[in-house]
Number of protein chains: 2
Amino acid sequence: MANATIRDVARAADVSVASVSRVLNRHENVRPALREKVEAAAAKLGYVPHAGARSLSLARSNAIGVVLPELHGEFFSELLRGMDREASERGLQLLLSNMHADSARGVEALHTMRGRVDGLVVMAPHIDPDQLLSHLPVGVPAVMVNCAPHHQPRPELRIDNVAGARMMVEHLVATGRRRIVHLAGPAGNIDAEERLGGYEAAMADAGLPSIVERGTFLEDSGVSAAERWVERGDDVDAVFAANDMMAIGVLMAFRRAGIAVPDQIAVAGFDDIPLARLISPSLTTLRIDIALLGERAVARLIEQIDGADDRSIELRAPTLVVRDTTSPREDPENRGIRGNNA
Amino acid sequence: MANATIRDVARAADVSVASVSRVLNRHENVRPALREKVEAAAAKLGYVPHAGARSLSLARSNAIGVVLPELHGEFFSELLRGMDREASERGLQLLLSNMHADSARGVEALHTMRGRVDGLVVMAPHIDPDQLLSHLPVGVPAVMVNCAPHHQPRPELRIDNVAGARMMVEHLVATGRRRIVHLAGPAGNIDAEERLGGYEAAMADAGLPSIVERGTFLEDSGVSAAERWVERGDDVDAVFAANDMMAIGVLMAFRRAGIAVPDQIAVAGFDDIPLARLISPSLTTLRIDIALLGERAVARLIEQIDGADDRSIELRAPTLVVRDTTSPREDPENRGIRGNNA
DNA sequence: TAGATTCTTGTAACCGGTTACATCAAGAGC
DNA sequence: GCTCTTGATGTAACCGGTTACAAGAATCTA
């Protein structure tokens, strides 16, 4: 960016660069006369300090790097919103980088952050965090969000996926459902695996058989899974999807197929994205305050940058939000997908 | 970030810093033997170049600044997603800064970008762009998105709000609605004003009286406006909200009040956020490909950074997407909010 | 084999800030 | 009036890269 430099200001005010720097950084030991001269010169030249040079010399950038798997869907926009809220509160900027699917791009993303940011928030539920972070010097502050088990001694935030999934299964059982299918997320994704594990454990505890199908976390995999069930006439009376977007896909497909939710079949999701309460029937789900998660990640990163040595894992329990899609059935006889076809 | 510097690598490989720099930037004139020595030393030290120092010396940061009014709602997440898509394609990073409501914070946001980014994407529908950008040297590349009229000779992207609003009014009239109320956005917001203008012009052309209420672009202002109409028993048979979030609020309130959409009253929005097709009844709206808007903004910024001098305004026309909320009525007699109360 | 040419490598200045240290002037103390 | 202290200001090194230019080595030409 073409612009005046501090030396231009010094020349215009007929003082040294050190004095200009002192004035602009509000140091005390500057005579009022000189201060005014410098301020006038800076204003006349429209001087704006060069943040890059400043952070090089201070070894501090006032920016934090955010490395995410992708930028798709409301989960990420909420996360970003929370991070921005906390960051702008503290006068920090966010530098975004997405690593897409593979961990090579992930390492690359981490590298391009070097020398630009004071610390990193890394969310990588889908790849091996040890491999990813091994390229990062231990001195670099970083907070991990929803990462798989690893050997990194770093502060971390996690969602208690297992507890959440258990809660949901118990809720479905309590409302009379027995043949509960789980539409899981992609294999290898830690959130997906933990939710699946919680589901299986809770089903076993309830003495019910697990029925599992794999999805991708995207809406259309919910649609196609639901279409398969309808076509096969599967004998299920509840769908617990591993995230809200898939649950919404399931709802869409059921609506098109003329299957009544929640009367014939219940549907539940995970995340409580803003959409969940807006669709109709509104979606029963597990609430994670996503924006708050982002906020906490940035807050803990700042603590670490400021020298704290708190490597604890913060486990955030989701809360069950019961809405229309899992209301108790009115007619216990007309249930399941088969009830429609028969 | 604590890490090895280029001088450390030079020392370890027993060569000069210039040679290290040449090797790492893949210059041709380096003997293979020296190249290998340097690469080995760099690998052993885990050297990652300091991007801040690099951009200071190159006067090029490979980052672009994004200044938005806020980060709320799907509009911004879609915009960001599009910008990221184009930026990461070109190996650029996005530096976020939101300016909240006031233009003082906006100027501040622009200033903190100085010396960090190669150019800016500025979206500021709600404040005076002349005032905002007057603090920016003309040499700084910047693309404006949805800004009010101004005197800035800069590339710009706009939505054709007037044409969009006309299309919607014509569609509502064509499906038999006559008493069409417009729920406008906040005064002073250029998108809100243009959509209002388009509505008024189209209503006048159709020989119908304008009925206007102000909202905030947020969902709850749609809720409260709809509640007012219901309470007063206003004689309207269509609501054209200035954005989708307000339209969704209106739908929620109508549903709670037991008013049938589209039979008693039609509802339409503007933007086509992903949610619009997912709610039920699905929302008729004007589609702006928001992600594409973000993509184009970044693409044009890159052109400008690379020296192009194209200051044209790119006007993107929305397309009408007709969904359930404006279907023709089944019973032309039972219409309007009054039909319910009578 | 000497001289010209080309290619490789190193030295040091530069990008635009901050700040340790030196310098100098003014006021205090005698 | 002279020294000592204190405070304001300037000089120059530094942050970690890049690169113009100089210098030296290798190759080519006659």
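Attention here is on the structure that accompanies the text. (Residues numbered from 1 in each chain as written. Chains lettered and ligands numbered in written order. Predicted model: local features only at pLDDT ≥ 70, side-chain atom pairs only at ≥ 80, totals over all residues. Heavy atoms only, no water.)

## Considerations on the protein's contact with DNA strand C
In the vicinity of DNA strand C, 27 residues are found, and the nearest of them are I6, S21, R54 and S57 of chain A together with S19 of chain B. Close to the protein, within 4 Å, the atoms of DNA strand C are drawn from sugar and phosphate at a rate of 61%. Residue I6 of chain A places a main-chain N or O atom 2.6 Å away from a phosphate oxygen belonging to DNA strand C. Taking Y47 of chain A, its side chain carries an N or O atom lying 2.9 Å from a sugar or linking oxygen of DNA strand C. (Near = heavy atom within 4 Å. Polar contact = N/O pair within 3.5 Å; in protein donor to acceptor, adjacent residues only side chain to side chain.)

## What to know about the protein's contact with DNA strand D
Residues in contact with DNA strand D amount to 27 residues; listed here are only the nearest, S19 of chain A together with I6, S21, R54 and S57 of chain B. Each atom of DNA strand D within 4 Å of the protein was assigned to sugar, phosphate or base; sugar and phosphate come to 62%. Between DNA strand D and the protein, one listed contact pairs a phosphate oxygen with a backbone N or O atom of S16 of chain A at 2.9 Å. A53 of chain B is positioned with one of its backbone polar atoms (N or O) 3.4 Å from a base nitrogen of DNA strand D. When contributions to the surface near DNA strand D are tallied by element, the ones reaching two or more residues are α2 (17–24) and α4 (51–58) of chain A together with α1 (6–13), α2 (17–24) and α4 (51–58) of chain B. (Helix = DSSP H or I, 4+ residues; strand = E, 2+ residues; numbered from the N terminus.)

## Here we look at the sheet that holds strand β9 (residues 266–268) of chain A
Residue and element names in this part refer to chain A. Strand order in the open sheet made by the four strands is β7-β6-β8-β9, with parallel pairing throughout. Looking along the sheet, the strands with just one partner apiece sit at the ends: β7 (211–214) and β9. Going across the sheet, the axis of each strand differs from the next one's by a mean of 20°, ignoring polarity. The pairing of strand β8 (residues 238–241) with β9 spans three bridges and is classified as parallel. (Pairing = 2+ DSSP bridges. Axes fitted to C-alpha atoms, helices over the stretch in contact; angles between N-to-C directions.)

## Considerations on the pattern of salt bridges
Applying the stated rule across the entire model yields 46 salt bridges over all chains. Taking the shortest distance from any N to any O, the salt bridge between D118 of chain A and R60 of chain A comes out at 3.3 Å. One end of the pair, D118 of chain A, is in the loop between α6 (103–113) and β3 (119–123); the other, R60 of chain A, is in the loop between α4 and β1 (63–68), and 58 residues separate them in sequence. Since its relative accessible area comes to 11%, D118 of chain A is described here as buried. Residue classification places R60 of chain A among the partly exposed positions, given a relative accessible area of 32%. Where E193 of chain B meets R214 of chain B, a salt bridge forms, and the shortest distance between an N and an O atom there is 3.2 Å. One end of the pair, E193 of chain B, is in helix α9 (residues 190–205); the other, R214 of chain B, is in strand β7 (residues 211–214), with 21 residues separating them in the sequence. (Salt bridge = Lys/Arg side-chain N within 4 Å of Asp/Glu carboxyl O. Buried < 20%, exposed > 50% of the residue type's maximum accessible area, 1.4 Å probe, protein only.)

## Some thoughts on the pairing of strand β4 (residues 142–145) of chain B
Residue and element names in this part refer to chain B. Neither face of β4 is exposed, since A142 and M144 on one face and V143 and V145 on the opposite face are all buried. One ladder, built from two bridges, connects β4 with strand β5 (residues 156–159); its direction is parallel. Looking across to β5, one finds that M144 is bridged to E156.

## A word on the packing of helix α10 (residues 219–232) of chain A against helix α11 (residues 244–257) of chain A
Between two packed helices, what matters for the description is the angle formed by their axes and the separation of those axes. Residue and element names in this part refer to chain A. Remark: α10 packs on α11, axes separated minimally by 6 Å, with the N-to-C direction vectors making an angle of 45°. Between α10 and α11, the angle is such that the two are oblique. Once α10 is placed against α11, the crossing between them reads as right-handed. Residue-level contacts link E219, S221, G222, V223, A226, E227, W229 and V230 of α10 to M245, M246, G249, V250, M252, A253, F254, R256 and A257 of α11. (Parallel < 35°, antiparallel > 145°, perpendicular 65-115°, else oblique. Left-handed = near helix turned anticlockwise from the far one by under 90°. Contact = heavy atoms within 4.5 Å.)

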